[in-house]
Each structure stands twice: as C-alpha cells, then as structure tokens.
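Structure at a glance
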Amino acid sequence: MKYYIFGGNGFVGRYLANALIEREGQVVVCDLQQGIDTRISENCEYARIDIRDEAMLEALPVTTEDVVINLAANQYRTKVPRNRKDYFFSVNTEGTRNLLKVIYGKGCRNYLMFTTDMTYGKPQYLPVDIRHPQNPFGPYGQSKKACEEICFEYRRKGMNITIMRPRMINGPGRWVFW
C-alpha cells in the first residue's frame with residue numbers, strides 16, 4: 001500500500017508525508033513543484049503532477065490497495081488573477097473530478113479530501129457543526145463545496161471518502177511564499 005499525497009509539498013503535506021514515513025508508510029508526494037521540498041524525508045517518492053491533467057494522473061501506478069490524499073488547492077496566499085472563479089475551480093473542483101475519475105477507474109476506493117470551513121459561509125449559529133448549512137459566499141469556498149459534491153457522487157459509487165474541513169491552518173513555515 002502507498003499513500004499518494006496530492007499537494008504534498010505544501011504545509012500540511014510536508015508534515016503528513018513525514019508522519020507517514022515515520023510509521024513506515026510508503027509515500028508518493030504528488031505536486032507541481034520541480035522537485036520534492038527539502039523539508040520532506042528523502043524516503044519518499046516524488047511525482048510532478050498537475051491534477052488538471054488527466055493523462056498525467058493516468059500515468060500514476062495507483063492500485064486498489066492505495067490511499068489517495070488530496071491537499072491540492074489554489075488558495076488565497078498566492079496572487080489571485082482577475083477571474084477568481086476559474087482560478088479556484090480549475091484545481092479545487094475540476095482537479096478533484098479528474099483525480100476521482102482516474103483512481104476510481106483504477107479500482108482505488110480510499111480517498112481523503114481536504115476542503116475548508118469556508119464552505120459554510122457566514123455562521124447561522126455557533127458553534128458551527130457538521131449539520132450547519134453550507135452557503136459559501138466567495139469562489140474559493142464555492143469551489144471547495146463543489147468538490148465535496150463530487151466526493152458525494154463517488155461515495156454513492158462505493159468509494160471510502162473522508163472529507164475534512166479544517167479552519168485556518170497555522171504553524172512554523174505556513175506563511176512562507178515561494
């Protein structure tokens with residue numbers, strides 16, 4: 001079994017990759033950067049992948065035993081172009097659709113999706129819980145809600161999908177811009 005971490009060079013991905021390697025997991029970091037981040041153990045594989053490109057995804061040797069973790073996202077920490085909706089939806093939604101389509105076709109049924117609490121929009125009550133209505137008010141939250149809806153489609157097809165909606169993620173190195 002291997003863990004494929006899409007967006008694995010990012011803040012959460014680096015910590016996750018190292019934690020899995022410490023537990024003797026086989027890890028493949030999948031990211032757009034030229035190479036693996038130096039803060040990730042040398043004991044993992046690297047694949048330069050764009051989840052918007054189905055052919056690149058098809059080339060990965062994902063099996064029925066593997067776990068796919070999707071941390072890949074276009075976020076606000078980078079300069080956002082004028083067409084914000086296309087910017088966020090291209091990776092967050094269409095990338096998720098491509099990834100699920102490919103791994104489902106390969107028989108992989110284990111998927112972990114990181115979205116955001118921004119799918120809830122303005123809180124209607126506190127504390128916000130899992131039953132809170134999802135009414136995102138911007139294109140980032142809308143793109144993440146749309147990717148969750150794709151995940152629900154694949155759950156109905158029999159995939160084991162866990163969706164995590166973290167709040168603001170902070171820690172050493174989080175606000176490094178490269």
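Quick note: structure is the one above.
These lines cover the structure that appears in this document, whether it is placed above or below. (Residues numbered from 1 in each chain as written. Predicted model: local features only at pLDDT ≥ 70, side-chain atom pairs only at ≥ 80, totals over all residues. Heavy atoms only, no water.)

Here we have 6 strands laid out as an open sheet, ordered β3-β2-β1-β4-β5-β6, and parallel in their pairing. Each edge of the open sheet is held by one strand with a lone partner, namely β3 (45-48) and β6 (160-164). Adjacent strand axes in the sheet meet at a mean angle of 15°, parallel and antiparallel pairs treated alike. In this structure, strand β1 (residues 2-6) lies alongside strand β4 (residues 67-70), joined through 4 bridges in parallel fashion. Bridged to Tyr4 within β4 is Val68. Relative to the sheet, helix α1 (residues 11-22) contacts β1, β2 (26-31), β4 and β5 (110-114), its axis offset from that of β1 by approximately 170°. Set on the sheet, helix α4 (residues 139-156) makes contact with β5 and β6; between it and β6 the angle comes to about 160°. (Pairing = 2+ DSSP bridges. Helix = DSSP H or I, 4+ residues; strand = E, 2+ residues; numbered from the N terminus. Axes fitted to C-alpha atoms, helices over the stretch in contact; angles between N-to-C directions. Contact = heavy atoms within 4.5 Å.)

Here Leu126 and Pro127 are connected by a cis peptide whose omega angle stands at -5°. Residues other than glycine seldom take positive phi values, yet Glu24 does so here, at roughly 65°. Assessed through its relative accessible area of 72%, Glu24 is described here as exposed. (Buried < 20%, exposed > 50% of the residue type's maximum accessible area, 1.4 Å probe, protein only.)

The next thing to look at is the pattern of salt bridges. Opposite charge on two side chains permits them to pair, given that their charged atoms come into close proximity. Counted according to the given criterion, the structure contains 10 salt bridges. In this structure, Arg39 engages Asp37 in a salt bridge whose closest nitrogen and oxygen atoms are separated by 2.9 Å. Judged by relative accessible area, which is 40%, Arg39 ranks as partly exposed. Lys145 serves as the salt-bridge partner of Glu149, at 2.9 Å between the closest nitrogen and oxygen. Residue Glu149 and its partner Lys145 are both found in helix α4; the two are separated by 4 residues, about one turn of the helix. Bridged by salt links that share partners, the residues Arg14, Asp37 and Arg39 form one connected network. (Salt bridge = Lys/Arg side-chain N within 4 Å of Asp/Glu carboxyl O.)

On to the side chain of Thr96. Structurally, Thr96 can be placed in helix α3 (residues 84-105). Given the relative accessible area of 0%, Thr96 is considered buried. There is a polar contact of 3.4 Å between the side chain of Thr96 and the side chain of Asn70. For Thr96, the residues in contact, after removing those within four places along its chain, are Ile51, Asn70, Val91, Tyr111, Met113, Cys147 and Cys151. (Polar contact = N/O pair within 3.5 Å; in protein donor to acceptor, adjacent residues only side chain to side chain.)

Turning our attention to the nonpolar core. A general trend in soluble globular proteins is that nonpolar side chains are found buried together. Grouped together as the largest cluster of nonpolar side chains are 27 residues, with contacts concentrated most on Phe6, Val68, Leu100, Ile103 and Tyr111. At the level of secondary structure, the elements contributing two or more residues to this core comprise β1, β2, α3, β5, α4 and β6. With 5 residues, the top contributor of residues to this core is α3. Those residues in contact with Leu100 that lie beyond four places of it in its chain are Tyr111, Ile150, Cys151, Tyr154, Met159 and Ile161. (Core = buried A, V, L, I, M, F, W, Y, C linked by side-chain atoms within 4.5 Å.)

Take α3 next. In this model, α3 (22 residues) spans 31 Å end to end at C-alpha, consistent with the 32 Å of a helix rising 1.5 Å per residue. At Ser90, α3 shows its largest kink, close to 40°. Looking one or two residues past α3, Gly107 carries a phi angle of roughly 90°, positive in sign. (Expected span 1.5 Å × (residues − 1). Bend = angle between axes of the 7 residues up to and from the residue.)

Moving on, we come to the side chain of Asn70. Its location among the elements puts Asn70 in strand β4. A polar atom in the side chain of Asn70 sits 2.9 Å from the side chain of Tyr111. With residues up to four places along the chain from it excluded, the contact list for Asn70 reads Phe6, Ile51, Thr96, Leu99, Tyr111, Leu112, Met113 and Phe114.

Any functional reading would require information beyond the geometric quantities listed.
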